[in-house]
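Observations on the three-dimensional arrangement
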Amino acid sequence: MTDPVGKLPSELDQLPDRDAEETAEWAASLGAVAEHAGPHRAAYLMRRTLQHAEKAGVALPRLLETDYVNTIPTAAEPALDGDEEMEARITAWNRWNAAAMVTRGSRFGVGGHIATFASAAWLYETGFNHFFRGKEGDGSGDQLYIQGHASPGIYARAFLDGRLTEAHLDNFRQEAGGNGLPSYPHPRRLPWLWEFPTVSMGLGPLSAIYQARFNRYLQGRGIKDTSNSHVWAFLGDGEMDEPESTAALALASRERLDNLTFVVNCNLQRLDGPVRANFKIVQELEAQFRGAGWNVVKSLWGSAWDELFQLDTAGALVRRLREVPDAQFQTYATRDVAYIREHFFGAEPALVELARLLTDAKIAECFHTSRGGHEARKVYAAYKAALAHKGAPTVILAQTVKGFTLGKGFESKNANHQMKKLTADEFKGMRDLLGLPIADSAFADGLVPYGHPGADSPEVRYLQERRAALGGPAPARRVHPVAPLPEPEERAFAALKKGSGKQEMATTMAFVRLVKDLMRDKRTGKRWVPIVPDEARTFGMESLFPSAGIYSPMGQTYEPVDRDQLMYYKEAKDGQILNEGITEAGAMADFIAAATSYSTHGETMIPFYIFYSMFGWQRTGDQMWQLADQLGKGFIVGATAGRTTLTGEGLQHADGHSHLIAATNPASLNYDPAFAYEIAVIVKDGLRRMYGQTAPGEDSDVFYYLTVYNEPKPQPAMPEGVEEGIVKGLYRFNEGSAGADAPRLQLLASGTAIHWALEAQELLAKDWNVAADVWSATSWGELRRDALEADEALLRGEERVPYVTQALAGAPGPVLAVSDWMRQVPDQISQWVEQDWSSLGTDGFGLSDTRDAARRHFGVDAQSITVAALAQLAKRGEVPASAVKEARERYGL
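This text gives an overview of the structure that appears in the document. Please read all numbers here as calculations on a predicted model, not as lab measurements. (Residues numbered from 1 in each chain as written. Predicted model: local features only at pLDDT ≥ 70, side-chain atom pairs only at ≥ 80, totals over all residues. Heavy atoms only, no water.)

Each regular strand carries side chains that alternate between the two faces of the sheet. For strand 4 (residues 295-299), a buried count of 5 out of 5 residues is recorded, marking the element as mostly surrounded by other parts of the structure. Residues of strand 4 alternate between two faces, with Asn295, Val297 and Ser299 on one and Val296 and Lys298 on the opposite face, all of them buried. In this sheet, strand 5 (residues 394-399) lies alongside strand 4 in parallel orientation, the contact comprising 5 bridges. What sits directly across from serine 299, in strand 5, is alanine 398. (Buried < 20%, exposed > 50% of the residue type's maximum accessible area, 1.4 Å probe, protein only. Helix = DSSP H or I, 4+ residues; strand = E, 2+ residues; numbered from the N terminus. Pairing = 2+ DSSP bridges.)

Among the 7 residues that make up strand 11 (residues 606-612), 7 are buried, leaving the element largely enclosed by the rest of the structure. Across 5 bridges, the pairing between strand 11 and strand 12 (residues 635-639) is parallel. Directly across from tyrosine 612, in strand 12, lies its bridge partner alanine 639.

This next bit is on the sheet that holds strand 18 (residues 771-776). Ordered in space as 16-18-17-19-20, the 5 strands form an open sheet in which the pairing is mixed. At either margin of the open sheet sits one strand with a lone partner, and together these are strand 16 (731-734) and strand 20 (837-840). In this sheet, adjacent strand axes meet at a mean angle of 30° when their direction is disregarded. Pairing between strand 17 (residues 744-749) and strand 18: 6 bridges, direction parallel. If you follow leucine 745 over to strand 18, its bridge partner there is alanine 772. Sitting on the sheet, helix 34 (residues 862-875) touches strand 17, strand 19 (815-818) and strand 20, and the angle it makes with strand 20 is about 165°. (Axes fitted to C-alpha atoms, helices over the stretch in contact; angles between N-to-C directions. Contact = heavy atoms within 4.5 Å.)

Among the residues of helix 18 (residues 424-434), Phe427, Met430, Arg431 and Leu434 are the ones counted as buried. With its buried residues spanning 105° around the axis, helix 18 presents them on a single face. Seen from the open side of helix 18, the exposed residues pointing more than 90 degrees away from its buried face are Asp425, Asp432 and Leu433. On its buried face, helix 18 sits against helix 3 (84-105). (Arc of directions from axis to C-beta.)

The geometry of two aromatic rings is summed up by the distance between their centres and the angle between their planes. Evaluated as defined, the whole model comprises 46 aromatic pairs. Between the aromatic rings of tryptophan 96 and phenylalanine 443, the centroid separation amounts to 6.3 Å while the plane-to-plane angle is 80°, which identifies the pairing as edge-to-face. Here tryptophan 96 is found in helix 3, whereas its partner phenylalanine 443 is found in the loop between helix 18 and helix 19 (458-469), with 347 residues between them in sequence. Phenylalanine 443 shares its class with tryptophan 96; the two are buried. Aromatic pair phenylalanine 675 and tyrosine 677: ring centres 5.5 Å apart, planes at 20°, arrangement stacked. Positioned over the ring face of tyrosine 568 is arginine 563, at 4.0 Å from the centre of the ring. (Phe/Tyr/Trp six-rings, centres within 6.5 Å; stacked < 30°, edge-to-face > 60°. Lys NZ or Arg CZ within 6 Å of the ring centre and 35° of its normal.)

Okay, the sheet that holds strand 3 (residues 260-266) next. Here we have 5 strands laid out as an open sheet, ordered 1-2-3-5-4, and parallel in their pairing. With partners counted over all chains shown, the strands left at the sheet margins are strand 1 (143-145) and strand 4, one partner each. On average, each strand axis in the sheet is tilted by 15° relative to the strand beside it, whichever way the strands run. With respect to the sheet, helix 4 (residues 115-130) is in contact with strand 1, strand 2 (231-236), strand 3 and strand 5, its orientation differing from that of strand 3 by roughly 150°.

This part covers the nonpolar core. Note on soluble globular proteins: their nonpolar side chains tend to be buried together. Membership of the largest hydrophobic core comes to 83 residues, with the highest contact counts inside it found for Phe635 and Val683. Looking at which element gives the most residues to this core, the answer is helix 27 (residues 676-691), with 10 residues. Excluding residues that lie within four positions of it along the chain, valine 683 makes contacts with Phe493, Phe511, Leu514, Leu518, Phe635 and Leu706. Ala99, Leu434, Leu436 and Phe443 belong to the second-largest nonpolar core, a separate cluster that totals 66 residues. (Core = buried A, V, L, I, M, F, W, Y, C linked by side-chain atoms within 4.5 Å.)

In this structure, glutamate 77 sits in the loop between helix 2 (39-55) and helix 3. A polar contact of 2.6 Å, which involves the side chain of glutamate 77, links it to the side chain of lysine 378. Look past the residues within four positions of glutamate 77 in its chain and what remains in contact with it is Ile72, Arg377, Lys378 and Ala381. (Polar contact = N/O pair within 3.5 Å; in protein donor to acceptor, adjacent residues only side chain to side chain.)

With 14 residues, helix 34 ought to run about 20 Å at 1.5 Å a step, and its terminal C-alpha atoms sit 20 Å apart, in line with that. Taken across its 14 residues, helix 34 has 11 buried, putting it largely inside the fold. Looking only at helix 34, the buried set comprises Ala862, Gln863, Ser864, Ile865, Thr866, Val867, Ala868, Ala869, Leu870, Gln872 and Leu873. Looking at the buried residues of helix 34, the elements they touch are strand 17, helix 29 (753-768), strand 19, strand 20, helix 33 (851-858) and helix 35 (882-890). (Expected span 1.5 Å × (residues − 1).)

This is the structure in structure tokens:
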């Protein structure tokens, strides 16, 4: 069976046709148009019909692609609200200084990128002059995710408006004693200017989506009115290949984030060549975004193309533009008019006739320079349309020429991303093109000069007046004076400090119980932001569902299947939990937005993100660095941690290395607590350090990484006087007992390994008359950090002994360290331990088996610890060598 137009069966065949005769007439009419006027005319009529149906409110799926033309016709463009000539002069100065800064820096070998900003200058300038809200007006202002490689242009504008000096520009990519400019947007290096680190490509668009969503979250929970904040993300078309760039597009449309705009600079080039050599990146992106539910605005052609489109009465030009691949169009931008006439217009007779009506100058202008992203009016119209669109986010696909205005040696060249300087003659050509009043004599010293019209010039006054009207300078990062959060009531911590008695409790559950109690605190409870990637029930957090609620901008439009149960699944517009689904990357982006809310919105939030520990640092380590770069605060919790505690999950889920990766991040304070009371002490100190009163010399711009385990154990009460040791990373949990002259050693253990060490302590005393002191090493990383600081102090002539050295001073016998991690984790501190050192760990891949079998496999169970301890003592002659062999045989090793 076929349908009336001869196609294969489709879903339409399943629908009732109430008037088959009418359907046949429509099909026949379409067939007649195609036969007599051509398929292009038939396609045009169909698209017009779909457009009319959409306006009439007829529910039909939208087309994923439109023609390769501007979305907003020239006749529909709004008048630009400003002085276009003045803005052109400002943009010219910024183009010049951006190129000069990078070129001057090349004499120091620091390099830089020129071509990206050259193509995107109007995309930024139009926003700065008309759209981007600053932080000195009402609300929080807009959040700007600047494309990393465009940073020279942002510095050039800050120079023009007086926020930077020539000395600053000359220190581009240099530290200069704190007076330099970082290569790319970096809040930790230039904290008054940059809000968001974006040069790790893909993370900017992902974070922008979750920032826009977090803005709505704050609004929904009644914490901050963010209705006037708009998120703008500036991206490259090549950057869109990163999976993170498009990973959350559906979230943005599903939650109707019309407070978000992506601006994709489609210069058709990535670092080594065309983005889509044999295809069209703009069309691909349009389909991708439309399919995800975004509003798409294409700004492809400049006003010079208007005449060409008016002459294209047969649609041949539009068809040709759609079929030419990007790499060929890039070639047209560099070739002479004769080549364009032959290879572009020579494709069909209608285009040959059209070309006869065009001068060589018009063709050169259209194909070499005239792009939608290079004209203020086109960009203004696109931005205006983005802000006017409600109910969905918008992406603007703006076509540009990479290296625009930098001369023929730069424009559209495959290598221009790696080109770091212009010659003096090229600068003079650029000067003439831009119409800048820079004399030839200014080049006399061999350096290209910076240009500035004067602090009281019309250009600077216009720029500053525009920014004042929009709420102050941009971009800008502001840390508003925020009072320290009050300390939560002690009873939340006391519950863990008193222990669990005979009841067994995993440390994962202990942490969750603590946070549940802290969320009930009347003064700070609403500040907590629980974030979980669809594993809340795994971690025992389902009891939070009905009490705290899961955030959803729609609320709950359905009756949950478990509504009659106590812990039912509850979504709410003011929900506190962010349950992200199966996306660790999305959850981390959420965490970053919440962790930096103190600066973005002047609202301190306390995020905690809990996840299967294997899927934290291993999967999203780049975002952990982004968090550190952005000076974020909060608690990251790797639950079901360790290589042997999560039984049966095998190779992929057995985390024995996250603490090693975490140790590389300077802002991460990494803890591996063994007991519930240690968690209470660590969290309490973290709240003080990050959100309360910091001690002298203490950095508050840090975050905490805790690993907790799913192995239920009785939780002891907290001994007296151990708080300092818990925070610093090491304290003696108990002393071994044996005969008066018994050999002695020190067992250092972290996390769940302390239980193996305590069992080994008993075996050593009972079977071998060896006394072992057991120490809880809550943080190998903090012990190492303290020791490194002591070494640095020594180089400055200050005498300081590392804490680990002090703690173990005089402790008899060798030291044996053990953990559920690779040996490199405890080995971080070995050089500062004066005693003989050895370690045990879970090096290698994980395996699916019981906990006991896995620990025996890795040689970290109590019996293996006992044998390793005897081996260390035998080396020192404190036990006979035969004891080691005997122990191996006794324990079946």
